[in-house]
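Take a look at the letters that make up each chain.
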Amino acid sequence: MKKLNSLFAGILVIILLLFIGVGQLERASGMAGADTLTIYNWGDYIDPALIKAFEKETGYKVNYETFDSNEAMFTKIQQGGTAYDITIPSEYMIQKMIKEEMLLPIDHSKLKGLENIDERFLNLDFDPSNQYSIPYFWGTLGIIYNDKFINEEEMQEWDDLWRPELKDNLMLIDGAREVIGLSLNSLGCSLNSKDDRELFEASKKLNSLTTNVKAIVADEIKMYMINEESAAAVSFSGEAAEMLDGNEHLHYVIPSQGSNLWFDNIVIPKTAKNVQGAYDFINFMLKPENAAQNAEYIGYSTPNKKAKALLPEEISEDEQFYPSDETISRLEVYEDLGQEYLGIYNDLFLEFKMYRK
């Protein structure tokens with residue numbers, strides 16, 4: 001009987017250990033359910049103080065993971081493994097995720113504060129009626145230049161990047177859509193072009209820019225420009241805002257030849273384990289005071305009109321980062337190009353980077 005009792009005790013211990021192990025595994029992979037919210041976001045794309053405030057207000061434990069590209073985010077969610085409750089893709093990737101049926105429809109009856117969002121940023125082509133996504137941040141792609149090396153009138157258009165005075169003195173963001181797109185815009189073409197002739201001409205023109213390019217990098221652009229290691233750069237408006245804060249000689253320009261108008265929106269993946277928590281987070285970020293705090297911390301433009309009204313005037317009235325409707329009318333949103341043309345853009349960009357060597 002003692003042996004039998006020992007056997008039963010051993011089995012119970014094993015079951016208990018397995019139960020604990022599964023619980024730990026679920027927590028580690030973002031699957032702890034109702035008590036945990038697992039967020040998948042761009043790096044440094046939310047004020048950490050807001051995460052702490054959300055946890056305190058709701059009682060949730062937030063698991064926060066980051067990605068460095070829409071494509072990396074898409075692949076990880078598609079492959080499964082981690083059940084993310086929230087992620088924040090860009091517009092063309094949202095369009096793709098909708099097509100792939102990877103997102104849950106948004107129940108607008110559960111939203112509190114959607115009326116705070118500027119109507120200009122709702123019901124856009126990539127997500128009509130905001131059926132799958134809620135605006136988070138928006139911005140533009142443009143040129144940052146240092147007035148110690150370049151005069152204002154010499155750096156207003158994409159074509160100015162080809163100036164011989166910029167030899168080995170230009171930084172480019174490491175993105176195929178951005179770099180191929182600016183060359184297309186400089187030729188008067190759409191940055192969503194699927195015209196093979198236009199893409200050939202854009203690639204040819206881009207290759208002639210190589211003598212000016214000092215580096216093709218990502219976040220390092222901010223440090224290089226603040227430290228005056230380059231005269232000009234191409235990057236996003238939020239990155240530019242941080243650069244301008246760090247060096248009074250830097251300026252940001254949106255070329256009138258056209259550029260990218262981008263949107264990052266909150267979505268709920270179909271694999272989410274804590275859907276209620278996802279709605280709680282969305283509603284938390286729709287509050288004007290939270291959206292304003294986030295915008296001031298990150299530097300990107302908030303789509304929340306009530307939050308914008310709370311920002312200091314030197315931010316909310318700065319047309320470099322809150323451009324006029326006239327400027328916005330010249331900008332384009334990235335579209336989902338489809339697998340074939342996405343591959344072509346990536347190949348052309350890779351050829352450009354190899355051509356430099």
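Please refer to the structure higher up on the page.
Below or above, wherever it landed, is the structure these notes cover. (Residues numbered from 1 in each chain as written. Predicted model: local features only at pLDDT ≥ 70, side-chain atom pairs only at ≥ 80, totals over all residues. Heavy atoms only, no water.)

Points about empty space enclosed by the protein
Next, step 1: In total, this model carries 2 cavities of 30 Å³ or more according to the counting rule given.
Next, step 2: Here the largest cavity is characterised by a volume of approximately 90 Å³.
Next, step 3: Lining the largest cavity we find 14 residues, and of these Pro-135, Tyr-136, Met-285, Ala-291 and Thr-302 sit closest to its centre.
Next, step 4: Elements supplying a minimum of two residues to the lining of the largest cavity: β4 (134–146), α9 (275–286) and α10 (288–298).
Next, step 5: Per-element accounting of the lining of the largest cavity gives the leading share, 4 residues, to β4.
Next, step 6: For the lining of the largest cavity, a count of residues per class yields 11 nonpolar, 3 polar and no charged.
Next, step 7: Size it by volume and the second largest cavity reaches roughly 50 Å³.
Next, step 8: Elements with a contribution of two residues or more to the lining of the second largest cavity: α4 (91–99) and α14 (338–355).
Next, step 9: The element contributing the most residues to the lining of the second largest cavity is α4, with 3 residues. (1 Å grid on protein atoms, 1.4 Å probe; cavity = no way out; pocket = protein on both sides within 12 Å on 5 of 7 lines; lining within 4 Å. Points joined across faces, edges and corners; volume = space filled by probe spheres on them. Helix = DSSP H or I, 4+ residues; strand = E, 2+ residues; numbered from the N terminus. Nonpolar A, V, L, I, M, F, W, Y, C, P; charged D, E, K, R; others polar.)

So, the nonpolar core
Next, step 1: The biggest cluster of nonpolar side chains holds 113 residues, and the ones touching the most others in it are Tyr-45, Ile-86, Leu-161, Leu-172 and Phe-281.
Next, step 2: In terms of residue count, β4 provides more of this core than any other element does, 8 residues in total.
Next, step 3: For Ile-86, the residues in contact, after removing those within four places along its chain, are Thr-38, Ile-39, Tyr-40, Ile-266, Val-267, Ile-268, Pro-269, Ala-278, Phe-281 and Ile-282. (Core = buried A, V, L, I, M, F, W, Y, C linked by side-chain atoms within 4.5 Å. Buried < 20%, exposed > 50% of the residue type's maximum accessible area, 1.4 Å probe, protein only. Contact = heavy atoms within 4.5 Å.)

With respect to the packing of aromatic side chains
Next, step 1: With the rule as written, the count across this model stands at 20 aromatic pairs.
Next, step 2: Pairing Tyr-252 with Phe-321 gives two aromatic rings, centres 5.6 Å apart and planes at 10°, and the pair type is stacked. Here Tyr-252, found in strand β8 (residues 250–253), pairs with Phe-321, found in the loop between α12 (313–316) and α13 (325–328); they are 69 residues apart in sequence, far enough to count as distant.
Next, step 3: Tyr-252 sits in the buried class, given a relative accessible area of 4%.
Next, step 4: Above the plane of the ring of Tyr-92 lies Arg-177, whose end atom (NZ or CZ) is 5.4 Å from the centre.
Next, step 5: The side chain of Lys-205 reaches across the aromatic face of Trp-162, ending 4.7 Å from its centre. (Phe/Tyr/Trp six-rings, centres within 6.5 Å; stacked < 30°, edge-to-face > 60°. Lys NZ or Arg CZ within 6 Å of the ring centre and 35° of its normal.)

Details of the pattern of salt bridges
Next, step 1: A complete count under the given rule lists 14 salt bridges for this structure.
Next, step 2: For Glu-57, the salt bridge is made with Lys-287, and the minimal N-O distance between the two is 3.0 Å. Placement of the pair is Glu-57 in helix α2 (residues 48–58) and Lys-287 in the loop between α9 and α10, with a sequence separation of 230 residues.
Next, step 3: With relative accessibility at 48%, the residue Glu-57 sits in the partly exposed group.
Next, step 4: Residue classification places Lys-287 among the partly exposed positions, given a relative accessible area of 29%.
Next, step 5: Across the pair Asp-325 and Arg-120 runs a salt bridge whose closest N-O atoms are separated by 2.8 Å. On the criterion of sequence distance, the pair formed by Asp-325 in helix α13 and Arg-120 in the loop between α4 and β4 is long-range, its members being 205 residues apart. (Salt bridge = Lys/Arg side-chain N within 4 Å of Asp/Glu carboxyl O.)

A few points about the pairing of strand β6 (residues 213–217)
Next, step 1: By the criterion of burial, β6 is predominantly enclosed, with 4 of the 5 residues buried.
Next, step 2: Bridge analysis of strand β5 (residues 170–173) against β6 gives 4 bridges, and the strand direction is parallel. Pairing of Leu-172 across the sheet is with Ile-216, part of β6. (Pairing = 2+ DSSP bridges.)

Structural notes on the side chain of Ser-235
Next, step 1: Relative to the elements of secondary structure, Ser-235 occurs in strand β7 (residues 232–236).
Next, step 2: For Ser-235, a relative accessible area of 1% corresponds to the buried category.
Next, step 3: Residues contacting Ser-235, with those up to four places away along its chain left out, are Thr-140, Leu-141, Gly-142, Ile-144, Ile-173, Ile-221, Met-243 and Tyr-252.

Side note on α10
Next, step 1: What α10 keeps buried is the set Pro-288, Asn-290, Ala-291, Ala-292, Asn-294, Ala-295 and Ile-298.
Next, step 2: Taken together, the buried residues of α10 touch α2, β4, α8 (237–246), α9 and α11 (305–310).
Next, step 3: Where α10 ends, the next residue or the one after it, Gly-299, has phi of about 100°, a positive value.

These values are about where atoms sit, not about what they do.
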